[in-house]
Amino acid sequence: MKHLLIIQFLMSSTPGLMAQVSPAEELWQALTRMDVVLVMKDRTELVGTLASAEGENAIIVKVDGMVEMVKKSEVAELRGVPATEGAGHDGMILYLKKLKQAEAQRLNIDRRFGMYLGFGPGIIGMDVEKEKFHSYLSIPLIIPLMSDFSAAAVSAGMGGTYKVGKRNIWSFDIFGHVNLMYSEWFGDDEPDEETGEPIDQEEERSMVCSVGAGVGFHLTTLKGLIVSFKLPVLGVSFGKEIGEASESVGAYYLSSAISMPAIVFGYRFGGKKDREQN
């Protein structure tokens with residue numbers, strides 16, 4: 001036991017040396033049948049139980065039962081899995097869990113720009129996320145196409161986003177947003193009082209601007225897939241067609257239903273740092 005402790009102390013006190021020189025044969029033998037972490041020369045990690053370390057190869061039994069053989073010469077660092085209060089292989093399971101959490105967090109931080117399609121009136125849009133900042137821009141396509149481009153809407157918002165859960169793939173969003181609705185139409189042709197012929201009505205236009213606050217959740221998987229949910233909370237609207245307060249609030253929810261990305265699916269592209277590391 002004292003011999004093993006001395007070896008582990010030397011490992012932890014000389015990390016630079018261990019990254020360049022393969023572990024000594026005595027260390028392989030001392031850690032046989034123990035849960036270990038093999039740091040390969042390409043800096044990837046292999047975690048499992050060291051079943052055998054005879055000769056030039058080592059045999060690792062991973063937590064899923066798969067057996068893998070590696071060449072000792074390809075291993076840059078060999079260390080034991082940190083001990084835990086549990087029994088059996090609890091330490092190895094906990095180590096793998098933390099390793100996955102760290103990897104998930106790194107990938108999510110680097111994925112900043114996303115594009116998506118949503119339910120409702122054919123929503124398309126994009127969003128940008130950087131650390132705790134989140135913003136979006138969405139446009140419904142069906143409304144312009146069905147109205148021969150005489151009506152349109154757009155929604156834009158920005159605010160904060162906060163990671164939730166142990167794997168850091170879900171985020172809670174709180175944001176302020178602006179919705180715009182535009183429409184144009186011709187009034188009904190009315191007959192002339194003298195001739196009875198219909199009178200062409202002038203074209204009328206309406207623009208409604210809504211401001212408010214909303215909340216939502218969005219999921220970004222390790223491969224960059226996006227699932228997002230957003231809901232309007234409270235807001236008001238302004239425009240020449242808006243009169244009473246109830247109309248103002250009603251127009252806000254209507255514009256949100258039309259233009260906000262309530263439920264969307266998309267893809268978030270990896271950042272420069274993520275691509276370089278991969």
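Scroll up to find the structure this text is about.
Let us look at the structure shown here. (Residues numbered from 1 in each chain as written. Predicted model: local features only at pLDDT ≥ 70, side-chain atom pairs only at ≥ 80, totals over all residues. Heavy atoms only, no water.)

### Overview of the packing of aromatic side chains
By convention here, two paired aromatic rings are described through the distance between centres and the angle between planes.
And step 1. Summed over the entire model, instances satisfying the criterion amount to six aromatic pairs.
And step 2. Between Phe119 and Phe265, the aromatic rings sit 5.9 Å apart at their centres with planes inclined by 85°, giving edge-to-face as the arrangement. Of the two residues, Phe119 is situated in the loop between β6 (111-118) and β7 (123-130) and Phe265 in strand β15 (residues 263-270); the sequence distance between them amounts to 146 residues.
And step 3. Relative to Tyr253, the ring of Tyr252 lies with its centre 5.0 Å away and its plane at 65°, an arrangement referred to as edge-to-face.
And step 4. Overall, the relative accessible area of 0% leaves Tyr252 in the buried class. (Phe/Tyr/Trp six-rings, centres within 6.5 Å; stacked < 30°, edge-to-face > 60°. Helix = DSSP H or I, 4+ residues; strand = E, 2+ residues; numbered from the N terminus. Buried < 20%, exposed > 50% of the residue type's maximum accessible area, 1.4 Å probe, protein only.)

### Looking at the environment of Ala213
And step 1. Here Ala213 lies in strand β13 (residues 203-220).
And step 2. Owing to a relative accessible area of 36%, Ala213 belongs among the partly exposed residues under this scheme.
And step 3. Taking C-alpha positions, Ala213 is 7.6 Å from Ile174, a pair spaced 39 residues apart along the chain.
And step 4. Residues contacting Ala213, with those up to four places away along its chain left out, are Phe175, Gly176, His177, Pro232, Val233, Leu234 and Tyr252. (Contact = heavy atoms within 4.5 Å.)

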